Amino acid sequence: MRRVYFDHAATTPVDPEVAELVMKYMTDHFGNPSSVHGFGREVKKPLEQAREQVTKAIGASHVGEIAFCSGGTEAANMALRGAAHINKQKGNHIITTSVEHHAVLSTCQQLAKEGFEVTVLPVDQYGRVSVEDVKNALTEQTILVSIMHANNEVGTIMPIADIGKMLKEQDRKIIFHTDAVQSIGKLPVNVDDLNVDILTLSGHKIYGPKAIGAMYLRRGTWWQPIMYGGGQERRRRPGTENAPGIIGLGKAIEKVTENREQEAERLTKMRKKLVDKILHNIPNTRLNGDPDNCLPGHASFCFDYIEGESMLLSLDMQGIAISSGSACTSGSLEPSHVLLAMGIPKEIAHGSLRITMGKYNTEEDVDYFVDNLIPIIERLRKMSPLASGACTPCGCASCEENH
Ligand SMILES: Cc1ncc(COP(=O)(O)O)c(C=O)c1O
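Criteria and cut-off values
Residues numbered from 1 in each chain as written. Predicted model: local features only at pLDDT ≥ 70, side-chain atom pairs only at ≥ 80, totals over all residues. Heavy atoms only, no water. Domains from an automatic or database assignment. Buried area = accessible area lost by both parts, 1.4 Å probe. Salt bridge = Lys/Arg side-chain N within 4 Å of Asp/Glu carboxyl O. Helix = DSSP H or I, 4+ residues; strand = E, 2+ residues; numbered from the N terminus. Near = heavy atom within 4 Å. Polar contact = N/O pair within 3.5 Å; in protein donor to acceptor, adjacent residues only side chain to side chain. Areas by Shrake-Rupley, 256 points an atom, 1.4 Å probe, with all protein chains shown as cover. Nonpolar A, V, L, I, M, F, W, Y, C, P; charged D, E, K, R; others polar. Axes fitted to C-alpha atoms, helices over the stretch in contact; angles between N-to-C directions. Left-handed = near helix turned anticlockwise from the far one by under 90°. Contact = heavy atoms within 4.5 Å. Buried < 20%, exposed > 50% of the residue type's maximum accessible area, 1.4 Å probe, protein only. Pairing = 2+ DSSP bridges. Expected span 1.5 Å × (residues − 1). Phe/Tyr/Trp six-rings, centres within 6.5 Å; stacked < 30°, edge-to-face > 60°. Lys NZ or Arg CZ within 6 Å of the ring centre and 35° of its normal.

A. How the structure looks around the domain arrangement of the protein. Entries for the protein in the domain assignment read domain 1 (16-258) and domain 2 (260-388). Taking the mean C-alpha position of each, domain 1 and domain 2 sit 29 Å from one another. Between domain 1 and domain 2, the buried area comes to about 2,200 Å², and carbon and sulfur atoms account for 57% of it. For the domain 1 face of the interface with domain 2, the top three residues by lost area are Glu153, Val154 and Tyr207, together amounting to 30%. Joining domain 1 to domain 2, the criterion identifies zero salt bridges. Every element with two or more residues in the side of domain 1 that touches domain 2 is listed here: helix 4 (102-113) and helix 7 (243-258). The element best represented in the side of domain 1 that touches domain 2 is helix 7, accounting for three residues.

Written out as structure tokens, the structure is:
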């Protein structure tokens, strides 16, 4: 059976060249980069080279602006908590959006418990926040704004450069963070063009290892560490560095940035084929997110009358890996907070699927996927009480209970 991996927003396979490098720094060169002897020195050098690779990939001006950590979640915690607490004397107001990843949303919720006032801005039908709304939400107390570059569920791109420009014009040193976990390697990412002070990224979304990430902190940004220990990473993130991971991340970000344009073009074409084929062949289907201003290999749909989980399991049986928008919280399936924030009704949001293609996918994968999806949806809709107009709670054709 053919196997198709269409879940690159969840994680990506490690590029073989990256994996080889990681292995080398786990076995042959295992030293602690802080050690002064040869074993340490032979790791310190490539580790600093990885810092240069990240610096170059995001257009930072100095290697000292990059601190490595354990991934996108930790980087977001470092960004938000580190910027919020030290600036508390200046103000206690933070602005974010309703469609952020939980790495940002939950950190903001925690900051709210610690006395910060958090404004969670709404988005439009495509999942996009407006510059105007951010501007109108600013108060004398605003110290920090955190808005993702591209959304992990629907792929919509946020107007980060314009928001950053507007914030700069306020001339109040409001710190601007963007979560670029999904955009690195897919969109042009340059910290100066985006006008951001802090940017966070993760290795495993760009064909690098898991549990490695980085935070860019613009020189002169008022920030404090959130953990204490040794003096690693210029005291920004203590603890012995994950040298193999860092070196792998450096190589991975270099490779995705080098090939970005041609890969984005290829994926955009494949996405168009996939979207056209689905919308043309499957009635009662909607494309979620911004149809044009979105990540190249990313497509999210809602199929009326059926549950995302049933489609996911049926596709899995055909060797196809995709993701549904629902999250399993305490045993029940909750529809995605992103789709709900975009105004999609709960019952429709339940029928969502996210397809995220990557560098090893081909047009044949798109055909295999859609050709399998069509009969699956037909079958599930036949079984669905919602599609037949039957009583929803009990599924019978005409319920005397009148549910
Ligand atoms: C937009 C976004 N931010 C943050 C994260 C968290 O990154 P990590 O898995 O490296 O902790 C993810 C992962 O799904 C993400 O998609």
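There's plenty left to go through after this.
B. View of the site of the ligand. Neighbouring the ligand are the residues Gly71, Gly72, Thr73, His101, Met148, Asn152, Asp179, Val181, Gln182, Ser202, His204 and Lys205. Separating an oxygen atom of the ligand from a side-chain N or O atom of histidine 101 is a distance of 3.3 Å. In this structure, lysine 205 approaches the ligand through a side-chain N or O atom, which is 2.6 Å from an oxygen atom. Starting from 390 Å² of accessible surface for the ligand in isolation, the protein chains cover 86%. Its residues placed into classes, the shell around the ligand shows two nonpolar, eight polar and two charged.

C. Main features of the packing of helix 2 (residues 38-57) against helix 7. Contact pair helix 2 / helix 7: the axes reach a minimum separation of 8 Å and the direction vectors enclose 35 degrees. The element helix 2 and its partner helix 7 pack so that their crossing is left-handed. Contact with helix 2, carried on its side by Val43, Pro46, Leu47, Ala50, Gln53, Val54 and Ala57, involves Ala243, Ile246, Ile247, Gly250, Lys251, Ile253, Glu254 and Thr257 of helix 7 and no other residues of that element. Grouping the constituent residues of the contact of helix 2 with helix 7 by class yields ten nonpolar, three polar and two charged.

D. Here's a closer look at the pattern of salt bridges. Counted under the stated rule, the structure contains 22 salt bridges. The closest approach of N and O atoms between arginine 218 and aspartate 192, which form a salt bridge, is 3.0 Å. Here the residue arginine 218 occupies a position in the loop between strand 8 (213-217) and helix 7, and aspartate 192 occupies one in the loop between strand 6 (175-179) and strand 7 (198-202), the gap between them amounting to 26 residues. Several salt bridges share partner residues, and in doing so they unite Asp15, Glu17, Lys251, Glu254, Lys255 and Lys359 into one network.

E. Broad picture of the environment of arginine 271. Secondary-structure assignment places arginine 271 in helix 8 (residues 260-281). For arginine 271, a relative accessible area of 8% gives the class buried. Linking arginine 271 and serine 352, residues 81 residues apart in sequence, is a C-alpha distance of 17 Å.

F. Just the pairing of strand 8, in detail. Of all five residues in strand 8, five are buried, a share of seventy percent or more. The two faces of strand 8 match: Gly213, Met215 and Leu217 on one face and Ala214 and Tyr216 on the other face are all buried. One ladder, built from four bridges, connects strand 2 (residues 66-69) with strand 8; its direction is antiparallel. Bridge assignment links cysteine 69 to a residue of strand 8, and that residue is glycine 213. Sheet analysis places strand 7 next to strand 8, joined by five bridges and oriented antiparallel. The residue bridging serine 202 from the neighbouring strand is glycine 213, located in strand 8.

G. Just helix 3 (residues 72-86), in detail. Over its 15 residues, helix 3 runs 21 Å from end to end, which matches the ideal 21 Å to within 8%, given 1.5 Å per residue. For helix 3, a buried count of eleven out of 15 residues is recorded, marking the element as mostly surrounded by other parts of the structure.

H. Fine view of the sheet that holds strand 10 (residues 298-303). Strand order in this open sheet of four strands is 9-10-15-12, and the pairing throughout is antiparallel. The sheet is open, and its two borders are formed by strand 9 (285-288) and strand 12 (323-324), each paired with just one other strand. For strand 10 and strand 15 (residues 352-356), the ladder comprises five bridges, and the chain directions are antiparallel. Considered in strand 15, the bridge of serine 300 is made with arginine 354. The sheet contacts of helix 8 involve strand 9, strand 10 and strand 15, and relative to strand 10 the element is tilted by about 10 degrees. Of the strands in this sheet, strand 9, strand 10 and strand 15 touch helix 12 (residues 363-383), which is tilted by about 20 degrees from strand 10.

I. Fine view of the packing of aromatic side chains. Per the counting criterion, the structure on display carries four aromatic pairs. Geometry around phenylalanine 116 places lysine 88 over its ring, the cationic atom sitting 4.7 Å from the centre. Of note, lysine 359 hangs over the ring of tyrosine 207, and the distance from its end group to the ring centre comes to 4.7 Å.

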